[in-house]
Amino acid sequence: MMSSFSALTKEELARIADRRPCCERAELAALVRMDGCLQISANHQYALKVTTESASVARKVFRLTKKVLQAPIDIAVKKKLRLRKNNSYVLKIYPQSLDDLVQLGLIDQDMQIIPGIAKHLVKKRCDQQAYLRGAFLAAGSINNPEGTYHLEIITNDPIHAEALCHLINGFGLGAKVSTRKHWQVVYLKESEQIVEFLGLIGA
């Protein structure tokens, strides 16, 4: 389960309402990339399925989808039967065209999957900050500062992990990538750098 400090940090970040369309798109793209999967039905209908244990993150995905894509979206709550397990929120986005997938940096105009982070999503500094906020909201955690400082973002995609690390280090921070079982972990350990990173993404 997520530490209470992580949960509180994410609650705060999820409430940030960026009014710039480019930033909204970048943040939604990161949330979908980190927490989502692309489903294709037998009749070639596309859907993006995003799963999160955070109600505030689910609300943010819902709101950004309506604003950025203006696409239909369903939300369902999966109740956990085991004690101490959080509910999970499953959002299903129904792209209106392949252009929606291009917008989110999932595929290019030739319908090829884009590895890493699509360049059009992070052209500006504000877009980069919004993308990192989305990535942290989707798959980040942070230890309570009263203990050992440690912030990490976990992904199963090595190319995306390296791209996230590069994006963070573009702000002069010392992020690194390590492998934990089948996961790639992008992490910061220095307290000053963690504070700076949280400031960058709006905490």
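Preceding this paragraph is the structure being described.
Because the structure is predicted, anything quoted here is derived from the model rather than measured.

Comments concerning the packing of helix 2 (residues 21-35) against helix 3 (residues 55-69)
Okay, step 1: At their nearest, the axes of helix 2 and helix 3 sit 10 Å apart, and the two run at 130° to each other. Classified by the interaxial angle, the pair formed by helix 2 and helix 3 is oblique. Crossing hand, helix 2 versus helix 3: left-handed. Counting all contacts with helix 2, which are made through Glu 24, Arg 25, Glu 27, Leu 28 and Leu 31, the residues of helix 3 involved are Val 57, Lys 60, Val 61, Arg 63, Leu 64, Thr 65, Lys 67, Val 68 and Leu 69.
Okay, step 2: Class assignment of the residues belonging to the contact of helix 2 with helix 3 gives a composition of seven nonpolar, one polar and six charged.

Notes on the nonpolar core
Okay, step 1: With 62 residues, the main nonpolar core has Val 61, Ile 93, Tyr 131, Ile 153, Leu 164 and Phe 197 as its most contacted residues.
Okay, step 2: Those residues in contact with Tyr 131 that lie beyond four places of it in its chain are Ala 26, Glu 27, Ala 29, Ala 30, Arg 33, Ile 117, Leu 121, Val 122, His 160, Leu 164 and Leu 167.

Re the sheet that holds strand 1 (residues 36-40)
Okay, step 1: In spatial order, the strands read 1-2-4-3; together these four strands make up an open sheet with antiparallel pairing. In this open sheet, the two edge strands, each paired with only one partner strand, are strand 1 and strand 3 (73-78). The average undirected angle you get between the axes of adjacent strands in this sheet is 20°.
Okay, step 2: In this sheet, strand 4 (residues 88-93) lies alongside strand 3 in antiparallel orientation, the contact comprising six bridges. Within strand 4, the residue paired with Ile 73 across the bridge is Ile 93.
Okay, step 3: Packing of helix 2 onto the sheet brings it into contact with strand 1, strand 2 (46-52) and strand 4, and relative to strand 2 it is tilted by some 80°.
Okay, step 4: The strands touched by helix 3 within the sheet are strand 2, strand 3 and strand 4, with strand 4 carrying the most contacts at an inclination of about 10°.

Observations regarding the sheet that holds strand 7 (residues 176-180)
Okay, step 1: Reading across the sheet, the four strands line up as 5-6-8-7 and stay open at both edges, with antiparallel pairing between neighbours. With partners counted over all chains shown, the strands left at the sheet margins are strand 5 (140-142) and strand 7, one partner each. This sheet shows a mean twist of 25° between the axes of neighbouring strands, independent of strand direction.
Okay, step 2: Looking at chain direction, strand 6 (residues 151-155) and strand 8 (residues 183-188) are connected through five bridges and run antiparallel. Paired with Ile 153 across the bridge in strand 8 is Val 186.

A few points about the packing of aromatic side chains
Okay, step 1: In total, this model carries one aromatic pair according to the counting rule given.
Okay, step 2: Measuring from ring centre to ring centre gives 6.3 Å for Phe 136 and Phe 197, while their planes differ by 65°; the resulting arrangement is edge-to-face. Taken together, the positions of Phe 136 in helix 5 (residues 125-139) and Phe 197 in helix 7 (residues 191-200) put the pair 61 residues apart, joining distant regions of the chain. Considered together, Phe 136 and Phe 197 belong to a single accessibility category, that of buried residues.
Okay, step 3: Seen from the ring of Phe 136, Lys 10 lies directly overhead, with NZ or CZ sitting 5.8 Å from the centre.

Examining the environment of Asn 169
Okay, step 1: Assignment of secondary structure puts Asn 169 in helix 6 (residues 158-169).
Okay, step 2: The exposure class assigned to Asn 169 is partly exposed, which follows from its relative accessible area of 29%.

Considerations on the environment of Ala 76
Okay, step 1: Relative to the elements of secondary structure, Ala 76 occurs in strand 3.
Okay, step 2: It is 8.5 Å that separates the C-alpha atoms of Ala 76 and Ser 88, two residues lying 12 residues apart in sequence.
Okay, step 3: Among residues more than four places away in sequence, those in contact with Ala 76 are Ser 88, Tyr 89 and Val 90.

Notes on helix 7
Okay, step 1: Within the span of helix 7, buried status applies to Ile 194, Phe 197, Leu 198 and Leu 200. Down the axis of helix 7, the buried set is contained in an arc of 155°. They therefore lie on one face. In helix 7, the exposed positions that point more than 90 degrees away from the buried face belong to Glu 192 and Val 195.
Okay, step 2: If you follow the buried residues of helix 7, they end up packed against helix 1 (4-14), helix 5, strand 5, strand 6, helix 6 and strand 8.
Okay, step 3: Within two residues after helix 7, Gly 202 carries a phi angle of roughly 105°, on the positive side.

What counts, and where the lines are drawn
- Residues numbered from 1 in each chain as written.
- Predicted model: local features only at pLDDT ≥ 70, side-chain atom pairs only at ≥ 80, totals over all residues.
- Heavy atoms only, no water.
- Axes fitted to C-alpha atoms, helices over the stretch in contact; angles between N-to-C directions.
- Helix = DSSP H or I, 4+ residues; strand = E, 2+ residues; numbered from the N terminus.
- Parallel < 35°, antiparallel > 145°, perpendicular 65-115°, else oblique.
- Left-handed = near helix turned anticlockwise from the far one by under 90°.
- Contact = heavy atoms within 4.5 Å.
- Nonpolar A, V, L, I, M, F, W, Y, C, P; charged D, E, K, R; others polar.
- Core = buried A, V, L, I, M, F, W, Y, C linked by side-chain atoms within 4.5 Å.
- Buried < 20%, exposed > 50% of the residue type's maximum accessible area, 1.4 Å probe, protein only.
- Pairing = 2+ DSSP bridges.
- Phe/Tyr/Trp six-rings, centres within 6.5 Å; stacked < 30°, edge-to-face > 60°.
- Lys NZ or Arg CZ within 6 Å of the ring centre and 35° of its normal.
- Arc of directions from axis to C-beta.

Structural measurements only, silent on function.
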